[in-house]
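A closer look at the structure
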Amino acid sequence: MRSRPPRQLRKRHLGGELRALVDETIALFHRVRYVAEQIYQPAGRSTARRGLLRGLARYGPRTVPQLALARSVTRQHTQEVVDLLRDEGFVELVANPAHKRSRLVRITRRGIAMVASMDEADARALGAIGDALDVTKEDLAITVRTLRAVREQFEADT
């Protein structure tokens, strides 16, 4: 499956540039998802699985509603993914001192090992393309700040 770059926009004002940024971000997302499926298979089968495991490894235990809110997806979808991860031994449900019925999802040692494996695969893939990129570290830092600002504006509008 090969992604095509977005069409060239005729207008070159901020709206046109902002549209180009969003289009390119979406195209990049789809390409990264495809590459991730190739390098993580079969263990890291889905974006949702990888995202939940990485989030739990980096930020600690969360409730299913908290995980869903952080990913802007439904609680029901998140519950399905958590159930699969639990069945495979990557996460466990533990008591939540802040709430009697809403248990915390906590990553297991097996889950931590899976995240470490995914991070190593990421490092290899990013290393392979990093040297070929014709951009500076400063360019990348500006890109990160720009994407964060656009995302935060979308989040402020919801």
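Look up a bit, the structure's there.
First things first, this report covers the structure right here in the doc. Being a predicted model, the structure only gives us computed values, none of them experimental.

**Looking at the overall build of the protein chain**
The helix and strand tally for the protein chain stands at six helices and three strands. Ordering the α and β elements of the protein chain from the N terminus gives α-α-β-α-α-β-β-α-α. Within the protein chain, buried positions represent 23% of all 158 residues. For the protein chain, restricting intrachain contacts to residue pairs at least 6 apart in sequence, the fraction spanning at least 24 positions comes to 51%. Per element, the accessible surface of the protein chain, about 11800 Å² overall, is 57% carbon and sulfur.

**Some points on the environment of Ile107**
Positionally, Ile107 belongs in strand 3 (residues 99–107). For Ile107 and Leu56, which are 51 residues apart along the polypeptide, the C-alpha to C-alpha distance reads 5.9 Å. Residues contacting Ile107, with those up to four places away along its chain left out, are Leu53, Leu56, Ala57, Phe90, Val91, Ile112 and Val115.

**Section: the nonpolar core**
In this structure, Leu53, Val82, Leu85, Val91 and Val105 are the most contacted members of the largest nonpolar core, which totals 19 residues. Secondary-structure elements contributing two or more residues to this core are helix 1 (14–40), helix 2 (47–59), helix 3 (64–71), helix 4 (75–87), strand 3 and helix 5 (109–130). Here Leu53 is in contact with Leu85, Phe90, Val91, Ile107, Gly111, Met114, Val115 and Met118, once residues within four sequence places are set aside.

**Regarding the side chain of Arg49**
In this structure, Arg49 sits in helix 2. Residue Arg49 is classed as buried on the basis of its relative accessible area, which comes to 7%. Engagement of the side chain of Arg49 in a polar contact is seen with the side chain of Glu88, the distance being 3.0 Å.

**Quick look at unusual backbone geometry**
Its identity is not glycine, yet Ser72 carries a phi of approximately 55°, on the positive side. Looking at the secondary structure, you find Ser72 in the loop between helix 3 and helix 4.

**Some details on the pattern of salt bridges**
For the coordinates displayed, the defined rule picks out eight salt bridges. The closest approach of N and O atoms between Asp119 and Arg58, which form a salt bridge, is 3.2 Å. With Asp119 in helix 5 and Arg58 in helix 2, this pair connects stretches of sequence that are 61 residues apart. In this structure, the salt-bridge partner of Arg86 is Asp83, at a minimum N-O distance of 3.6 Å. Of this pair, Arg86 and Asp83 both sit in helix 4, three residues apart, roughly one helical turn.

**A short note on the layout of surface pockets**
Computed from the structure, the largest pocket encloses a volume of approximately 2300 Å³. Mapped by element, the contributors of at least two residues to the lining of the largest pocket are helix 1, helix 2, helix 3, helix 4, helix 5 and helix 6 (137–156). When residues in the lining of the largest pocket are grouped by element, the largest group, 14 residues, is from helix 1. Within the lining of the largest pocket, the residues separate by chemical class into 27 nonpolar, ten polar and twelve charged.

What counts and how
- Residues numbered from 1 in each chain as written.
- Predicted model: local features only at pLDDT ≥ 70, side-chain atom pairs only at ≥ 80, totals over all residues.
- Heavy atoms only, no water.
- Helix = DSSP H or I, 4+ residues; strand = E, 2+ residues; numbered from the N terminus.
- Buried < 20%, exposed > 50% of the residue type's maximum accessible area, 1.4 Å probe, protein only.
- Contact = heavy atoms within 4.5 Å.
- Areas by Shrake-Rupley, 256 points an atom, 1.4 Å probe, with all protein chains shown as cover.
- Core = buried A, V, L, I, M, F, W, Y, C linked by side-chain atoms within 4.5 Å.
- Polar contact = N/O pair within 3.5 Å; in protein donor to acceptor, adjacent residues only side chain to side chain.
- Salt bridge = Lys/Arg side-chain N within 4 Å of Asp/Glu carboxyl O.
- 1 Å grid on protein atoms, 1.4 Å probe; cavity = no way out; pocket = protein on both sides within 12 Å on 5 of 7 lines; lining within 4 Å.
- Points joined across faces, edges and corners; volume = space filled by probe spheres on them.
- Nonpolar A, V, L, I, M, F, W, Y, C, P; charged D, E, K, R; others polar.

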